[in-house]
Amino acid sequence: MSHWVMDYETNVNCFLGVFEHYKTNEVHVFTCGKLRNDFDKFIDFLDGNIEEQSFHISYNGLAFDSQITEYILVNRDLMYTLDGEEIAKLIYAKAQDCITRSRNKDFQEWYDKTLSIKQIDVFKLNHWDNAAKRSSLKWIQCSMRWNNVQDMPIDHTEEINTVEQLKQIASYCRNDVASTKKIMELSSGEIKLRMGLTEKYNIILWSASEPRIAKELFADAISKKTGINKYDLKEMRTNRNSIIVKDLILDYLQFNSPVFKNLKDKFSTLRLDANNLKGSFHEVIKYRGVEISFGLGGVHGAKRGIYEPEEYMTIVSSDVVSYYPNLAIKQEWHPAHLPKKDFCHQYEWFFKERKKIPKSNPQNYVYKIVLNSAYGLSNDQHSFLYDPEFTMRVTINGQLSLMLLSEMICENIPGAVPLMYNTDGVETIIPKKYYDKYIEICNEWEVITKLSLEHDEYSKLMLPDCNNYIGVFKKKEIHKDVYDELIKKPTYDILTKDADKYYLSPVKLKGRFEISKKLHKNCSYKVVAEGLYNFFVKGIEPEYTVSKNRNVLDYCAQAKIKGDWSFYSLNIVEGNYVKEKLQKTNRYFVTNKGCKIVKINNTDQREIQLESGKWLQKIFNTYQKRSWEDYDINEEYYIQKIYKEIKEMNPQLFINQYKLF
C-alpha cells in the first residue's frame, strides 16, 4: 500500500501539489496553471489513492489541503472543461475560503468522516493548533534543526508566468513535504497508537490530539454505560452564570497558620463568573520565605537558589499520584448533567485499569490521556464534559490540599523549609533524622484526603523558579547489566561505578534547562543549556563546554514574528545601516562580524533588537557546512549567557545558608 506525504501551494493563477511516498523517495509533482496543466494525471493519481485506500499525510491538511483535494474531486467534471489557469483560479478561491474559515474559527466544508481520502494531519495530531502550543511548520523546522527554513518565495497574490517562478515554488513545496515527512517519522509512535485506537473503538482518531482522544473514548464509555446516544451525549453541557466557591471547599481543609487561614478565607469569598474564569483570581502569599502564587488552575512557588544539603539534611520531593483526576474520583465529583454513579464509576475504572498496565504498554498512556484530559475538558465549552463548577472544585481544593500537606510538614518537623510548590507536588528540605516523621505525616495526609503520594530525594537542586530547574536525584544502586546498557546511550544521567557496585543518579531538567525539548517549544541556544548542566551537575566551567562544542546548530536561536511586526536585518555598508526585510521565522547565531536583527512595528515604526547591545547576528535559515573558524561565532556571548544564569541564582548565598543546619 502507498501512503503519501503531501502539500499544496495555491497562487492566484497557479496550483502545485507535491506528493512523496511515506517510505521511499518516490515523488510526484502536479501543476495546473498557465505554463502547464497536469489535471488529468492529477485526477488519475487521486483516484488511485482512493482505490488503494491510501493516506495523505500533511501539516494542517485537515483545514486546508484535504479541503482542496475534496473540492477538486467534487468539481472534477467542471474542471475537465477548463484550461490550467482557469482551474488554478477556482482552486485559489477555495483556498482563500479555507483560510477565511480557519481565521474565523468556522468549520471547514468537509470533515474527516466525509473526505474521500483518509488523512493524517501531524499538526492536529501533535495539538499544535492549541493556543499554548501553536506552531507553524517553519517554527517546527527550526526546532528539529531542518537544513532549510524557508518562507514561500513568491507571494500567493503574484501571478506565475515564468518557468523560473514555477521552479522556485516547486522547490519550496518539496522542502515543506520533506520536513513534514520528518515530522511524520518523529511522530510514528503517536500515529501507530491512533491507528490502533481507531481500529479498536471504530472511531476515526488518525489525526486526533490527546484531548480529542480523551473526549471520544470517554464519550464512548459513558454512552455505553448510560445508554445515552453518543450524538445526544455530545450536545450535553452544564452552563452556569456564577460559582460560589465557599460551597465547594472541602471540610477537611482546616489550617493552623494565619497565612493559610487567610488564603482559605479569600477563596471562600469568591463569587466567580462561570463564563469568564480566566485570570479572574490571583493571590500571592509568603510562607516560610517562599512566595506562593495561586490562581484558579494551580499553585506555583519557589525559593530561588542552589541547594546541596549537608550530610545530615535531605531534599524530599512528594508528588500526588494523578492528582486532579484522583481528587475528583475520591470525592465522587461529576459534571452535573452526567449521572454521578456512571461518571464516577467510569472515571475510577480508567484509573484502576491504568495501574494494572505496565508503563511500557501504549494502553497505559491512553488511559493517562483520558484521566488527565477529562478533567481539563470540564472547562471546555465545546466538550460534553463541560461544567466549570466541577473544574473549580478540583483546582481550588487541589491547591488548598497541597498547602495542608506543606503546613503539616513544616509545622511538625524542626528545621523543615519548603523550597518549591508546583500544582501536584512539593519539595522540602528537612533534617535526615526526621525522614521517618516526614513519611508519617504524609501517610496521615493520605488518610485525610484519600489520595496517594510518591516520594523521592534530591542530592542537589538548582532552582531559579518552579518552571525552570535542575534536580539531581540521590544515587540508586542498579544491576551491572543495566549500567552497561545505559552507558552506551546518549544520556544526561550521572553514572558512577564504585568498586563492584553500580549506581544511577537521574537528573531532572525542566524548562530552559532542558537540553532536548519538545518541538513546539523554543529550542534556542542548546549550548547554553549544556553549559548550565555541565556547570551545576558536573562542575565543568562554561568556557570548557563552549570550547568543546563545535556543532553550529547548538549555537542557533529561533525567532518568529507576531502581530503587526516585521523582521529586518541592519547591515553596515560604508558607515551606514542598510535595512533588508526578512522572513517571518528566522534562525540565527551570534557572530563577530554580522548584522543586527530587529523587529519593527509596521504601524508606529517601533524598533526592538533581538540581541541588544554590541552583539551581532548571522541569519542561518539555510544550513551551510563550513569549518568552525569560518562561522566566526562569538563564543564570548554564549559564555556570558551561561554565567548570567549562574549569577542570577547566587549559589554561594544559599549553599552557605543551609550549612547552618
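Residues numbered from 1 in each chain as written. Predicted model: local features only at pLDDT ≥ 70, side-chain atom pairs only at ≥ 80, totals over all residues. Heavy atoms only, no water.

Side note on the overall build of the protein chain
And then number 1: Regarding its fold elements, the protein chain presents 22 helices and 27 strands.
And then number 2: What you see for the protein chain is a C-alpha radius of gyration of 28 Å, in line with the 26 Å of a compact globule of 661 residues.
And then number 3: For the C-alpha atoms alone, the extent of the protein chain along its principal axes is close to 85 × 70 × 60 Å.
And then number 4: Expressed as a percentage of the 661 residues in the protein chain, the buried residues total 53%.
And then number 5: Across the protein chain, every contact between residues at least 6 apart in sequence was considered, and the portion connecting residues at least 24 apart equals 68%.
And then number 6: Here the protein chain has roughly 31,500 Å² of accessible surface; of this, 47% comes from carbon and sulfur atoms.
And then number 7: The averaged location of the 90 negative side-chain charges in the protein chain is 4 Å from the averaged location of its 93 positive side-chain charges. (Helix = DSSP H or I, 4+ residues; strand = E, 2+ residues; numbered from the N terminus. Rg over C-alpha atoms; globule rule 2.2 N^0.38 Å. Buried < 20%, exposed > 50% of the residue type's maximum accessible area, 1.4 Å probe, protein only. Contact = heavy atoms within 4.5 Å. Areas by Shrake-Rupley, 256 points an atom, 1.4 Å probe, with all protein chains shown as cover. Lys, Arg positive; Asp, Glu negative; His and termini not counted. Charge placed at Lys NZ, Arg CZ, Asp CG, Glu CD.)

Some details on helix α18 (residues 526-538)
And then number 1: End to end, α18 covers 17 Å across 13 residues, agreeing with the expected 18 Å (1.5 Å per residue, within 8%).
And then number 2: Among the 13 residues that make up α18, 10 are buried, leaving the element largely enclosed by the rest of the structure.
And then number 3: Those residues of α18 that sit buried are V527, V528, A529, E530, G531, L532, Y533, N534, F536 and V537. (Expected span 1.5 Å × (residues − 1).)

What to know about the pattern of salt bridges
And then number 1: Throughout the structure, instances matching the rule amount to 32 salt bridges.
And then number 2: Close ionic contact of K266 with E283 constitutes a salt bridge, the shortest N to O distance being 2.7 Å. Of this pair, K266 sits in helix α11 (residues 258-268) while E283 sits in strand β8 (residues 283-287), and the two are 17 residues apart along the sequence.
And then number 3: Between D604 and R606 there is a salt bridge; the shortest N-O distance is 2.7 Å.
And then number 4: Given a relative accessible area of 42%, D604 falls into the partly exposed group.
And then number 5: The partly exposed category is assigned to R606, whose relative accessible area is 46%.
And then number 6: Among the ionic contacts, a cluster of salt bridges with common partners joins K94, D97, R101 and E109. (Salt bridge = Lys/Arg side-chain N within 4 Å of Asp/Glu carboxyl O.)

Overview of the side chain of K596
And then number 1: Along the chain, the position of K596 falls in strand β25 (residues 596-601).
And then number 2: Buried charged residue K596 carries no salt bridge. Nearest counter-charge: E611, at 7.5 Å.
And then number 3: Of note is the side chain of K596, whose polar atom sits 3.0 Å from the side chain of Q609.
And then number 4: Within the structure, K596 has its side chain in polar contact with the backbone oxygen of E611 (distance 2.7 Å).
And then number 5: With residues near it in sequence (within four places) discarded, K596 still touches Y568, S569, L570, Y577, Q609, E611, S612, G613, W615, L616 and Q617. (Polar contact = N/O pair within 3.5 Å; in protein donor to acceptor, adjacent residues only side chain to side chain.)

Re the sheet that holds strand β21 (residues 557-560)
And then number 1: Read from one edge of the open sheet, 3 strands run β21-β24-β27, paired in antiparallel fashion. If you trace the sheet from one side to the other, it starts and ends with β21 and β27 (616-619), each paired once. Averaged over neighbouring strand pairs, the angle between their axes works out to 45° when direction is ignored.
And then number 2: Pairing geometry for strand β24 (residues 585-591) and β27, over 4 bridges, is antiparallel. Among the inter-strand pairings, Y588 is bridged to a residue of β27, identified as I619. (Pairing = 2+ DSSP bridges. Axes fitted to C-alpha atoms, helices over the stretch in contact; angles between N-to-C directions.)

What to know about the sheet that holds strand β1 (residues 4-11)
And then number 1: Strand order in the open sheet formed by 5 strands is β3-β2-β1-β4-β5, with mixed pairing between adjacent strands. For this open sheet the edge positions go to β3 (27-33) and β5 (118-121), each flanked by a neighbour on one side alone. The average angle at which neighbouring strand axes cross in this sheet is 25°, direction not considered.
And then number 2: Pairing of β1 with strand β2 (residues 14-21), which is carried by 8 bridges, proceeds in the antiparallel orientation. Following the sheet pairing, N11 is matched in β2 by C14.
And then number 3: With respect to the sheet, helix α1 (residues 39-52) is in contact with β1, β2, β3 and β4 (55-58), its orientation differing from that of β3 by roughly 135°.
And then number 4: Sheet contacts for helix α2 (residues 65-74): β1, β2, β4 and β5; angle to β1, the most-contacted strand, approximately 80°.

Nothing here speaks to function; it is geometry throughout.
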